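Residue strings, one per chain:
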Amino acid sequence: MKYHYSSMMDFIQPLPIAQLLNREEDPGQISFANGFPDPATFPVEELRAAFDRAFSRYGANALQYAPPEGLPSLREKICGQLKESGIRCELENVLLTQGGSQALDLIASMFLDRGDTILCENPTYTGAMGPFDMRDVNYIGIDVDQEGMDIDQAERALAEHPEVKFIYVIPDFQNPTGATLSLSRRRRLLELAEIYDMLIVEDSPYRELCFGEENLPSLKSMDRNGRVILLGTYSKILCPGLRLGWVVASKEIVSRMTALRIASDMQCSSINMYALDEYFEEADFAAHIRGLRRLYSEKKQCITDAMRRCFLENVRYTDPQGGIFLWLTLPPQVDAARLLRELVLPREHVAYLPGEGFYCRTPQKNTCRLNFSGCTVDQLETGIERLGRVFRQVL
Ligand SMILES: Cc1ncc(COP(=O)(O)O)c(C=O)c1O
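Every value quoted in this text rests on a predicted model; they were computed, and no experiment measured them.

Peer 1: Even after reading the chapter, I still don't get the side chain of Thr304, so can you show me in this structure?
Peer 2: On the secondary structure map, Thr304 appears in helix H10 (residues 285-310). Polar contacts involving the side chain of Thr304 include one to the main-chain carbonyl oxygen of Gln301, which spans 3.2 Å. Those residues in contact with Thr304 that lie beyond four places of it in its chain are Tyr317, Thr318, Asp319 and Leu326.

Peer 1: Just to check I follow, could you spell out the site of the ligand for this structure?
Peer 2: Near the ligand lie 13 residues; those nearest to it are Gly100, Ser101, Asp203, Tyr206 and Thr233. One of the backbone nitrogen or oxygen atoms of Gly100 is found 2.8 Å away from an oxygen atom of the ligand. Protein burial of the ligand: of its 390 Å² of free accessible surface, 93% is covered by the chains. The element best represented in the shell around the ligand is helix H4 (residues 99-111), accounting for 3 residues. Taken together, the residues of the shell around the ligand sort by class into 4 nonpolar, 6 polar and 3 charged.

Peer 1: Whenever I open this one, helix H3 (residues 72-84) confuses me. Can you help?
Peer 2: Structural remark: α-helix, 3.6 residues per turn; residues separated by three or four positions point the same way. In this model, H3 (13 residues) spans 19 Å end to end at C-alpha, consistent with the 18 Å of a helix rising 1.5 Å per residue. On its buried face, H3 sits against strand E2 (94-97), strand E8 (228-233), strand E9 (245-248) and helix H9 (270-282).

Peer 1: Got a minute to help me understand the sheet that holds strand E5 (residues 148-149) in this structure?
Peer 2: Whenever strands of a sheet pair, they do so through backbone hydrogen bonds, lying parallel or antiparallel. The 8 strands lie next to each other as E2-E9-E8-E7-E6-E3-E4-E5, forming an open sheet whose pairing is mixed. With one partner strand each, in any of the chains shown, E2 and E5 form the two edges of the open sheet. Bridge analysis of strand E3 (residues 117-122) against strand E4 (residues 138-145) gives 6 bridges, and the strand direction is parallel. Residue pairing across strands places Thr117 opposite Asn138, the latter belonging to E4. On the sheet, H4 packs against E2, strand E6 (166-169), strand E7 (199-203), E8 and E9 and is oriented at approximately 155° with respect to E8.

Peer 1: Looking at this structure, I do not really get the nonpolar core. What am I missing?
Peer 2: Where a protein is soluble and globular, its nonpolar side chains tend to be buried together. Judged by nonpolar contacts, the single largest core of 78 residues is most densely connected at Phe32, Tyr234, Leu370, Ile384 and Leu387. Top element by residues in this core is H10. It accounts for 9 residues. Two domains each provide a minimum of three residues to this core, namely domain 1 (7-42 + 287-394) and domain 2 (44-282). Contact partners of Leu370, with chain neighbours within four places excluded, come to Phe32, Ile303, Met307, Ile324, Phe325, Leu326, Leu328, Tyr352, Ile384 and Leu387. Counting residues in each nonpolar core, the second largest holds 28 residues, with Leu95, Met129, Phe132 and Leu199 among its members.

Peer 1: How do you make sense of the pairing of E3 when you look at a structure like this?
Peer 2: As a general feature of sheets, a regular strand has side chains that alternate between the two faces. Counting buried residues in E3 gives 6 out of 6 residues, a clear majority hidden from the surface. Pairing of E3 with E6, which is carried by 3 bridges, proceeds in the parallel orientation. Directly across from Ile118, in E6, lies its bridge partner Phe166.

Peer 1: Mind showing me how you'd approach the packing of helix H6 (residues 151-160) against helix H7 (residues 183-195) here?
Peer 2: Running from N to C, H6 and H7 point in directions that differ by 5°, and their axes come no closer than 10 Å. Relative to H7, the element H6 lies roughly parallel. Facing H6, whose interface residues are Ile151, Asp152, Ala154, Glu155 and Leu158, H7 presents Arg185, Arg188, Leu189 and Leu192. Classifying every residue of the contact of H6 with H7 by side-chain character gives 5 nonpolar, no polar and 4 charged.

Peer 1: I tried to follow the domain arrangement of the protein chain on my own but got confused; where do I start?
Peer 2: In terms of domain boundaries, the protein chain breaks down into domain 1 (7-42 + 287-394) and domain 2 (44-282). Each of domain 1 and domain 2 has a C-alpha centre, and these two points are 25 Å apart. Taken residue by residue, the interface counts 31 residues in domain 1 and 37 residues in domain 2. Where domain 1 meets domain 2, there are 1 salt bridge. Residue Arg361 is joined to Asp143 by a salt bridge in which the shortest nitrogen-to-oxygen separation is 3.6 Å. At the surface where domain 1 touches domain 2, the tally comes to 14 residue pairs in polar contact (both at pLDDT 80 or more). Elements that contribute at least two residues to the side of domain 1 that touches domain 2 include exactly H10 and strand E11 (325-329). The residue inventory of the side of domain 1 that touches domain 2, partitioned by class, reads 17 nonpolar, 10 polar and 4 charged.

Peer 1: So what exactly am I meant to see when it comes to the packing of aromatic side chains here?
Peer 2: Two aromatic rings are characterised by how far apart their centres lie and by the angle between their planes. Counted under the stated rule, the structure contains 15 aromatic pairs. Where Phe211 meets Phe372, the ring centres are 6.4 Å apart and the plane angle is 55°; that geometry is what we call tilted. Separated by 161 residues along the polypeptide, Phe211 in the loop between E7 and E8 and Phe372 in the loop between strand E14 (367-371) and helix H12 (377-394) bring together distant segments of the chain. Classification of Phe211 by relative accessible area gives buried; the value is 19%. Connected via pairs of aromatic rings, a cluster forms that spans Tyr234, Tyr279, Phe280 and Phe285.

The rules behind these values
- Note that residues are indexed from 1 along each chain, following the sequence as it is written.
- Given that the model is predicted, a residue must reach a pLDDT of at least 70 before its local features are reported, and side-chain atom pairs must reach 80 or more before they are shown or counted; all residues, however, enter totals for whole chains, interfaces and linings.
- Each side-chain value is worked out from all heavy atoms of the structure, with water and hydrogens disregarded.
- Every helix listed is a DSSP run of H or I at least four residues long, and every strand listed is a run of E at least two residues long, numbered separately from the N terminus.
- A 3.5 Å cut-off defines polar contacts: any pair of N or O atoms within that distance qualifies, except that in protein one atom must be a possible hydrogen donor and the other a possible acceptor, and neighbouring residues in sequence count only when both atoms are side-chain atoms.
- Contact definition: two residues touch when any of their heavy atoms are within 4.5 Å.
- Throughout, the term near means that a residue has one or more heavy atoms lying within 4 Å of the molecule or strand in question.
- Computed by Shrake-Rupley with a 1.4 Å probe, the accessible areas treat only the displayed protein chains as cover when residues are assessed.
- Residues are grouped as follows: Ala, Val, Leu, Ile, Met, Phe, Trp, Tyr, Cys and Pro are nonpolar; Asp, Glu, Lys and Arg are charged; every other residue, Gly included, is polar.
- Helices are assigned an expected span. That span is 1.5 Å times one less than the residue count.
- In this analysis, strands are considered paired if DSSP registers two or more bridges between them.
- Think of each axis as a best-fit line through the C-alpha atoms, taken over the contacting stretch in the case of a helix, with angles from 0 to 180 degrees between the N-to-C directions.
- Residues belong to a common nonpolar core when they are buried Ala, Val, Leu, Ile, Met, Phe, Trp, Tyr or Cys residues joined through side-chain atoms within 4.5 Å.
- Categorising residues by exposure relies on relative accessible area from a 1.4 Å probe, with only protein chains included: less than 20% of the type maximum marks a residue as buried, more than 50% marks it as exposed, and the intermediate range marks it as partly exposed.
- Residue ranges assigned to each domain were obtained from an automatic or database domain assignment.
- Any angle from 65 to 115 degrees is called roughly perpendicular, while one under 35 is roughly parallel, one over 145 is roughly antiparallel, and all others are oblique.
- Note on definitions: salt bridges are taken to be side-chain nitrogens of Lys or Arg within 4 Å of carboxyl oxygens of Asp or Glu.
- Each aromatic pair joins two rings of Phe, Tyr and Trp (for Trp, the six-membered one) with centres within 6.5 Å, and gets the label stacked for planes under 30 degrees apart, edge-to-face for over 60, and tilted for any other angle.

Structure representation (structure tokens):
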């Protein structure tokens, strides 16, 4: 039969290249392409015990429907975790979501009509562009340097386009570049949002993964007028399989978003919420995060050391101060997707994600994103040696 899809489906792209890189067919492949956390860090035994306790304590109730905004005790704990980073919020400001992905989709449904305009970093997270694209939005893409979004450019763009619906920004160790929005730019971004009376969507899955001692204040912590919607997720700091994340926003937004999510998926998994709540009761989560920071900082050091040894000056790369990604810029004539397809994958069995898919305008084909959390130290070194071999031959 011929299927008659909605016009929204026109905006759904075929599977991104990362998922087409089939490691089963190429078992020796070293992949920098995905955004996977290191599975060795997943607290399997502690979570198993937490699930057990959840079943013992709540019995069948752990499998019953739960409040659509999420378990109150878990939301309470999230408020406590946020308080430590200077964010004041109450239970009614918190909505549990199925990861950051659902939060982005809910935000797109709540605020975007066909043809609306949003302002974001260029490049930005492709997973956010999915739900935004489905609403057929116009993007104003702002360049990113080592201090994050170029605020002068953003200011000029907003003066020209006061119709912007919201600003979407990933201030901490951005996906894909690894850049961090500097403190002065954070302040200016909030000022601009005040001047133009705009919402900011602050998407921050990597915030806890900082390599230094202290993080910069989140935009939400500086927000006085309910202007910032902050998205968090346990995907990168605990495990993605629980599919649990959260939105912190004004009570009005959270209440309307809850009504919207009821119409979509009703709630997050009850047992997963009970188990996460139990995990937080017993586990030393702060120590777990410290361990992740140490591990990923070592991995970042390892991959950048290998790059210094193996790459020539014509390959530039970012030096992120946290998170799980860095960004390569190859000489301008190079097409990173073609290089991957024709040489890097078949000859060296290494995968990266070509950067062009991360741009909402004027894609730079000579860029690529590398993830360093999902590889072992040996794989990081070998993968970069192999990549360096190709680069030295053809660039
Ligand atoms: C910037 C950003 N936002 C949101 C997400 C969504 O994460 P999840 O749905 O797994 O919580 C990701 C995942 O890579 C991301 O990088």
